[in-house]
Structure formats: structure tokens, C-alpha cells
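# Breakdown of the fold
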Amino acid sequence: MEYLEIIFKNIDNKKLDEIFSEHILINKNNIISSHFYDEINMLDCKYDDIKDMRLHFEKSTTGSIFLHELKFGFIIPEVFIIVSGDGKLCDITINFKINQFLSDMRSDLITKLDIILKKIFQMHNHINCDYVLLGYEPAEDIDMRLLKINYESLIIYNKDIYNDYFSSVVYEIATKNNKRNILTC
């Protein structure tokens, strides 16, 4: 449980350029490394080489970006982003270390997680993805998942298992001021 993972599932490829220009702002100076594959020219390429994300992901492909930091409501250091698509829909996965939060006082942790969750809810509503998963890496694994957010509900997973400091704050903030139906698995 070293990394927190946020997965935006089933995003229409047409939204990718908007996402990377309005929601996930990547400062090219913060890129440590990136790897994409150009299907047309059959070459490896970098994030800087891609002029149109929608066009790039019209074919089934995956790309990754490792950043020194990402502003996601506040500065998060060492962030790994994966974009994978099937030609029509994409998933965007964002990973970062949890240990940076564990030294925070409870009030600071609440503030940071509140910012992250507000950003997740805002992005989910704006980009029209099917749902968002939040959990420990790999969040796709139901045993590692903390939350699933869709339009109708907020589903809380593993509350009886993950009753540690970090998870309890995630659960507390996610349910506060939430207008969706809250379900527990």
C-alpha cells in the first residue's frame, strides 16, 4: 500500500485534449520521462511529440508519463500517469506515493484529501467518464479499492479492512457533502 491510485474509466477519446489542457496540466519541464508509441510511423515517441491526444488514441495504444510533480489542486510530487485506450475509450490512471501524506497532521491530511476528492468529483462530472476508482495500487483489484464514484452513487469498499489513519480520512471526506447515494461493499 505504497501508492494511491486514481483511475478514470471509459473516457471518450474526444475528451483527451480537453483533459490534458484543462484538468491534468502537465508542465513539460516537470516530465522525468514519457513513453508513447506512434502507430502511424511505427516509432516510440514522447509526450512532447504528440500534438493531438485524440488522434493518437484513435488506435488501441498505451502511453505513460512520469512527472517530478503535478498540480492536482496542490503540488503532488513524483506522479506516474498512464493513458490506455482501445481506439474509442480511454482510461487515465494517476499514481503517487502515499507516504507524503502520512507525516501530515490530521487537519493537513483532511485538507489535501478534500482537494483531491473535489478534483476527482469535478473531473468525473465534466469529462463524462463512466466511473472513477480510488484505492491503493492496484485500485482495479477490489481488495485494494477504497472508493468507486459514478453518477448515481459513491461506493465504499473495504471499510472494515482498511481502518488505518489514511483510509479513515478518505472515507470521512468522501461521504461528507456528497449528494450521491452512499453504498458500502
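Residues numbered from 1 in each chain as written. Predicted model: local features only at pLDDT ≥ 70, side-chain atom pairs only at ≥ 80, totals over all residues. Heavy atoms only, no water.

Once that is clear, we can look at the pairing of strand S9 (residues 153-156). Sheet faces and side chains relate simply in a regular strand, where the side chains alternate between the two faces. By the alternation rule, side chains of S9 split into Ser153 and Ile155 and Leu154 and Ile156, which are all buried. Following strand S8 (residues 145-149), the chain reverses through 3 residues before pairing antiparallel with S9. Alignment of S9 against strand S10 (residues 181-184), held across 4 bridges, turns out to be parallel. By the bridge assignment for S10, Leu154 is matched with Ile182. (Buried < 20%, exposed > 50% of the residue type's maximum accessible area, 1.4 Å probe, protein only. Helix = DSSP H or I, 4+ residues; strand = E, 2+ residues; numbered from the N terminus. Pairing = 2+ DSSP bridges.)

A few words now on the environment of Asp48. In this structure, Asp48 sits in the loop between strand S3 (43-45) and helix H2 (53-56). Placed 130 residues apart in sequence, Asp48 and Asn178 show a C-alpha to C-alpha distance of 38 Å. Contact partners of Asp48, with chain neighbours within four places excluded, come to Lys28 and Ile31. (Contact = heavy atoms within 4.5 Å.)

Take Glu137: it is sitting in the loop between strand S7 (131-136) and S8. The class of Glu137 is partly exposed, set by a relative accessible area of 35%. Through-space distance from the C-alpha of Glu137 to that of Phe96 is 9.3 Å; in sequence the pair is 41 residues apart. Sequence-distant contacts of Glu137, that is, excluding residues within four places in its chain, are made with Tyr3, Glu5, Asn95 and Met144. A distance of 3.3 Å separates a polar atom in the side chain of Glu137 from a polar atom in the side chain of Asn95. (Polar contact = N/O pair within 3.5 Å; in protein donor to acceptor, adjacent residues only side chain to side chain.)

Before going further, it helps to examine the side chain of Lys9. Its location among the elements puts Lys9 in strand S1 (residues 3-12). At 2.8 Å, the side chain of Lys9 forms a polar contact with the side chain of Glu140. Not counting residues up to four positions away in its chain, the partners in contact with Lys9 are Cys90, Asp91, Cys129, Asp130, Tyr131 and Glu140.

Honestly, that's just the spatial picture; any functional story needs more than this.
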